[in-house]
Amino acid sequence: MADDDIILSELDDDELVQQMHDDLYDGLKDEIEEAVQILLDRGWAPYDVLTRALVAGMTIVGADFRDGILFVPEVLLAANAMKGGMAILKPLLAETGAPKMGKMVIGTVKGDIHDIGKNLVGMMMEGAGFEVVDLGINNAVEKYLEAIKAEEADILGMSALLTTTMPYMKVVIDAMKEQGIRDDYIVLVGGAPLNEEFGRAIGADAYCRDAAVAVETAKTFIARRHNQTAAH
Ligand code: B1M
């Protein structure tokens, strides 16, 4: 090892988080995994590691991708490093022992292969006690409809990261309406280019800005459903 190699465990918390942002940027998966473990060993809550180190780092990657400083291959490496860190956090976030709250089917819409945000939402939902069925990326309307029925889901979650793919969410919701099943499910949508107005316009129950909001929104809608059932 060269003298100037950085020993992650010797950095203080702030330096380490800064280093993680750099390592994520450089797509260094092993370093990210090591650093995640160091922060956990230092007593950091998994959620803090996720948001302050990984998600914050990915935001920097996103800005430079937008500005043409980073390109697809580099961003893929960053995404791969992020996934390495998330894999360590996943069981910890899911480990709350909360009673099952309900079932969510989630997937990224047709034409779209971004899955980091969707994976994060799935992890946080599991951590909050929801059962999550992940359909992955590039989902056609038929796939969503088949899954929500087969899984007897309470919630359908859709993710889209591209302005060109977000309108597909309406295709799915319209198909649910045509089949007369729209109101049988809570439909939550999310992804960076969406907003509340878009969510309303396509007929979703709610737009969720991030994974934490998705969990809170899901809980609110499930509670509302239980109250309605109880009232009948
Ligand atoms: Co893409 N990409 N990308 N990309 N990529 C964006 C989205 C972009 C904004 C970058 C930019 O220009 N700044 C831009 C879209 C522009 C637009 O449409 N207006 C873009 C582009 C253009 C493209 C390509 C077209 C590039 C090309 O090929 N020329 C191409 C498209 C491929 C396709 O899908 N068909 C492409 C490809 C890729 C990679 C494969 C390289 C890689 C994806 C790897 C992967 O996901 N496995 C990638 C990445 C990583 C990004 C950025 C940099 C980061 C996305 C991310 O993971 N963010 C992104 C820039 C950005 O968003 N700022 C970008 C971190 C994640 C935690 O946040 O996904 O927003 P996010 O999820 C959040 C919330 O949005 C919300 O909660 C999550 C957690 O808090 N949320 C939900 C998300 N889904 C939800 C679902 C819910 C609820 C909440 O359901 C209930």
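Everything numeric here is computed off the predicted structure, so don't read it as measured data.

A.B. asks: Run through helix α7 (residues 168–178), naming residues and quoting values.
C.D. replies: Here α7 has its buried residues at Tyr-168, Met-169, Val-172, Ile-173, Ala-175 and Met-176. Projection of α7 onto a plane perpendicular to its axis shows the buried side chains occupying an angular sector of 155°, all on one side. Phi for Gly-180, located one or two positions after α7, is positive at around 70°.

A.B. asks: So what's going on with the sheet that holds strand β5 (residues 206–208)? Residues and values would help.
C.D. replies: Spatially, the 5 strands line up as an open sheet ordered β2-β1-β3-β4-β5, and their pairing is parallel. The sheet terminates laterally at β2 (130–134) and β5, the two strands that pair on one side only. Strand-to-strand twist of the sheet, defined as the mean angle between neighbouring strand axes without regard to direction, takes the value 25°. Sheet analysis places strand β4 (residues 186–190) next to β5, joined by 3 bridges and oriented parallel. Each bridged residue has a counterpart across the sheet, and for Gly-190 the counterpart in β5 is Cys-208. Along the sheet face, helix α5 (residues 116–127) touches β1 (102–108), β2 and β3 (155–159) and points at about 155° away from the line of β2.

A.B. asks: Quick one: what's the story with the pattern of salt bridges, residue by residue and with numbers?
C.D. replies: Applying the stated criterion across every chain yields a total of 12 salt bridges. One salt bridge in this structure joins Asp-67 and Arg-66, with 3.0 Å as the shortest N-O distance. Here Glu-151 and Lys-103 are joined by a salt bridge, their closest N and O atoms 2.9 Å apart. Within this pair, whereas Glu-151 is found in the loop between α6 (141–150) and β3, its partner Lys-103 is found in strand β1, the two being separated by 48 residues in sequence. Bridged by salt links that share partners, the residues Lys-103, Glu-131 and Glu-151 form one connected network.

A.B. asks: Would you mind going over the domain arrangement of the protein in detail, with residue names and values included?
C.D. replies: Partitioning the protein into domains gives domain 1 (8–96) and domain 2 (103–231). In this structure, domain 1 and domain 2 have C-alpha centres spaced 26 Å apart. Every contact between the two is made by 13 residues of domain 1 and, on the other side, 9 residues of domain 2. Taking both sides of the interface into account, the surface hidden between domain 1 and domain 2 amounts to around 990 Å²; carbon and sulfur atoms contribute 75%.

A.B. asks: How would you explain the site of the ligand if you had to name every residue and give the values?
C.D. replies: Taken together, 34 residues lie near the ligand, and Arg-66, Ile-113, His-114, Asp-115 and Ser-159 sit nearest. A distance of 3.1 Å separates an oxygen atom of the ligand from a polar atom in the backbone of Ala-211. Those elements that place two or more of their residues in the shell around the ligand are α3 (46–66), α4 (72–93), β1, α5, β3 and β4. Per-element accounting of the shell around the ligand gives the leading share, 5 residues, to α4. Its residues placed into classes, the shell around the ligand shows 19 nonpolar, 9 polar and 6 charged. The residues that make up the shell around the ligand include at least three from each of domain 1 (8–96) and domain 2 (103–231).

Each value, and the rule that gives it
The written sequence of each chain sets the order in which its residues are numbered from 1. Confidence filtering applies because this is a predicted model: local features only for residues at pLDDT of at least 70, side-chain atom pairs given and counted only at 80 or more, and all residues used for totals across whole chains, interfaces and linings. In computing side-chain properties, one takes all heavy atoms of the structure into account and sets aside hydrogens as well as water. With a 1.4 Å probe rolled over the protein chains alone, any residue whose accessible area is under 20% of its type maximum counts as buried; one over 50% counts as exposed, and the rest are partly exposed. The secondary structure listing takes helices from DSSP runs of H or I that are at least 4 residues long and strands from runs of E that are at least 2 residues long, numbered from the N terminus. In this description, the arc belongs to the directions extending from the helix axis to the C-beta atoms. When DSSP finds two or more bridges between two strands, those strands count as paired. To define axes, lines are fitted to C-alpha atoms, for helices over the stretch in contact only, and angles between the resulting N-to-C directions are given on a 0 to 180 degree scale. Contacts were defined at the residue level, with two residues in contact if any of their heavy atoms lie within 4.5 Å. Any Lys or Arg side-chain nitrogen found within 4 Å of a carboxyl oxygen on Asp or Glu counts as a salt bridge. Throughout the structure description, domain borders are defined by an automatic or database domain assignment. Two parts placed together each lose some accessible area; with a 1.4 Å probe, that loss summed over both constitutes the buried area. Throughout, the term near means that a residue has one or more heavy atoms lying within 4 Å of the molecule or strand in question. N or O atoms within 3.5 Å of each other form a polar contact, as long as, within protein, one can give a hydrogen and the other can take it, and as long as residues adjacent in sequence are counted only when both atoms are side-chain atoms. Side-chain classes follow a simple rule in which Ala, Val, Leu, Ile, Met, Phe, Trp, Tyr, Cys and Pro form the nonpolar group, Asp, Glu, Lys and Arg form the charged group, and the remainder, Gly included, forms the polar group.

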